[in-house]
Amino acid sequence: MTLTLDSLLAALAGLCAVGGLVLAAAGGIGWAPSTTTRRRSRLERKLRSLVVKDARMPTSWWARGQTRLVGAALTGLGVWLFTGWLMGGLVSLAVVVGLPWLLNTSGSGTAQIEKLEAVEEWVRRMSDIHTVGVSLEASVQRSLETAPKAIREDVTLLVSRLSAGWTPQDAYRVFADGLNDAMVDEVVALLILHVEDRGAGLSRAMRELAEALQHEVQARREVEADRQKPRTNDRWVTIFCLGIFGITALSGSYTEPYQTLMGRMVLTFVGVAFILVKIWMRRMAIIEPAPRFLSPADRAGGAHGAEEAA
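Note that the coordinates shown come from a computational prediction; the quantities given were computed from them, not determined experimentally. (Residues numbered from 1 in each chain as written. Predicted model: local features only at pLDDT ≥ 70, side-chain atom pairs only at ≥ 80, totals over all residues. Heavy atoms only, no water.)

1. Re unusual backbone geometry
Even without being glycine, Asn180 reaches a positive phi, approximately 55°. Along the chain, Asn180 falls in the loop between α9 (168-179) and α10 (182-197). (Helix = DSSP H or I, 4+ residues; strand = E, 2+ residues; numbered from the N terminus.)

2. Quick notes on the packing of aromatic side chains
Scanning the entire structure with this criterion turns up 1 aromatic pair. On the numbers, 5.4 Å between centres and 45° between planes, the contact of Trp122 with Phe175 is tilted. Highlighted residues: Trp122 in helix α6 (residues 109-129) and Phe175 in helix α9, separated in sequence by 53 residues. Each member of the pair, Trp122 together with Phe175, is buried. (Phe/Tyr/Trp six-rings, centres within 6.5 Å; stacked < 30°, edge-to-face > 60°. Buried < 20%, exposed > 50% of the residue type's maximum accessible area, 1.4 Å probe, protein only.)

3. Brief notes about the nonpolar core
Soluble globular proteins tend to pack their nonpolar side chains together in the buried interior. Judged by nonpolar contacts, the single largest core of 34 residues is most densely connected at Trp122, Leu136, Val140 and Tyr172. Among the elements of the structure, α6, α7 (136-143), α8 (152-163), α9, α10 and α11 (202-249) are those that each provide at least two residues to this core. With residues up to four places along the chain from it excluded, the contact list for Tyr172 reads Leu136, Glu137, Val140, Leu158, Leu162, Val188, Leu191, Ile192 and Val195. (Core = buried A, V, L, I, M, F, W, Y, C linked by side-chain atoms within 4.5 Å. Contact = heavy atoms within 4.5 Å.)

4. What to know about the confidence of the model for the protein
Confidence in the prediction for the protein averages 75 pLDDT; 69% of positions are at 70 or higher. Counting contacts from residues 32-38, a segment whose pLDDT is below 50, to residues more than four positions away or on other chains yields 1 contact. Confidence over residues 50-63 falls short of pLDDT 50; this stretch has 18 contacts with residues more than four positions distant or in other chains. (pLDDT = per-residue confidence, 0-100.)

5. What about the pattern of salt bridges?
The final tally for this structure, using the stated rule, is 9 salt bridges. Here Arg125 and Glu121 are joined by a salt bridge, their closest N and O atoms 2.2 Å apart. Of this pair, Arg125 and Glu121 both sit in helix α6, 4 residues apart, roughly one helical turn. In this structure, Asp177 engages Arg292 in a salt bridge whose closest nitrogen and oxygen atoms are separated by 2.9 Å. Of this pair, Asp177 sits in helix α9 while Arg292 sits in the loop between α13 (261-285) and α14 (296-309), and the two are 115 residues apart along the sequence. Three or more residues joined by partner-sharing salt bridges are found here, namely Glu120, Arg124 and Glu211. (Salt bridge = Lys/Arg side-chain N within 4 Å of Asp/Glu carboxyl O.)

Listed below in structure tokens is the structure:
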């Protein structure tokens with residue numbers, strides 16, 4: 001068998017196609033590397049430094065937009081040179097650039113649930129820290145030592161604002177704005193009521209509110225699990241469509257009709273329709289959050305109404 005440039009390019013294209021499908025399948029099933037800590041060799045550390053932006057922040061090379069753009073340009077150029085199909089190269093470029101968006105269908109629901117769960121843990125710890133004779137502001141400051149990671153930055157900002165002389169009511173409201181959740185508004189409302197009347201029973205009220213937050217987190221996780229099923233189906237359909245496109249891009253006779261002006265228009269229409277369907281499916285899976293009652297708009301509207309009444 002004689003090795004030619006065409007055969008080498010064909011083999012390379014086949015390996016790239018198979019590798020792309022493997023990576024797409026790994027992303028689709030939620031594959032993640034093992035979290036077990038092990039000592040890396042010197043060669044591995046050098047190679048890792050080439051693809052990781054900062055050793056202290058284990059960000060994957062694929063998450064770096066600049067690297068993804070370079071990879072997309074090389075992929076599009078390779079498809080164009082190998083197949084002679086310009087539209088195929090452009091579509092390949094767009095697919096590689098938008099691959100994280102195409103495969104990541106989870107949205108921000110999980111992150112919001114994790115934050116709410118962290119708030120529940122923080123409130124529960126606050127109920128243990130707050131005792132008779134200890135002010136609420138002092139309890140908030142002490143809670144920073146054990147604040148959950150998901151809301152540690154928000155609690156740090158809250159403590160900083162209180163230390164800087166902010167009125168507690170304003171500091172708590174801005175804290176609620178940062179987390180942007182109706183259940184967090186209930187927590188902040190409890191804190192504001194205690195600041196205004198300094199009554200007893202705050203620890204018991206916090207424990208009861210923590211129980212309510214726990215039930216809310218469980219309910220949201222059940223809803224998120226139900227929503228994950230159609231998202232998984234959507235991801236696999238996307239992988240299947242991308243695989244079909246990759247196979248057809250390598251077959252010259254099948255793509256010949258798309259070399260014409262009409263074929264390019266049809267391909268553009270199909271691509272736009274595919275993106276619109278993806279957006280439509282995502283919007284169908286989005287559940288509108290419960291409206292907040294401590295939002296900045298409500299406070300501004302209430303202040304405006306008070307001015308008009310005066």
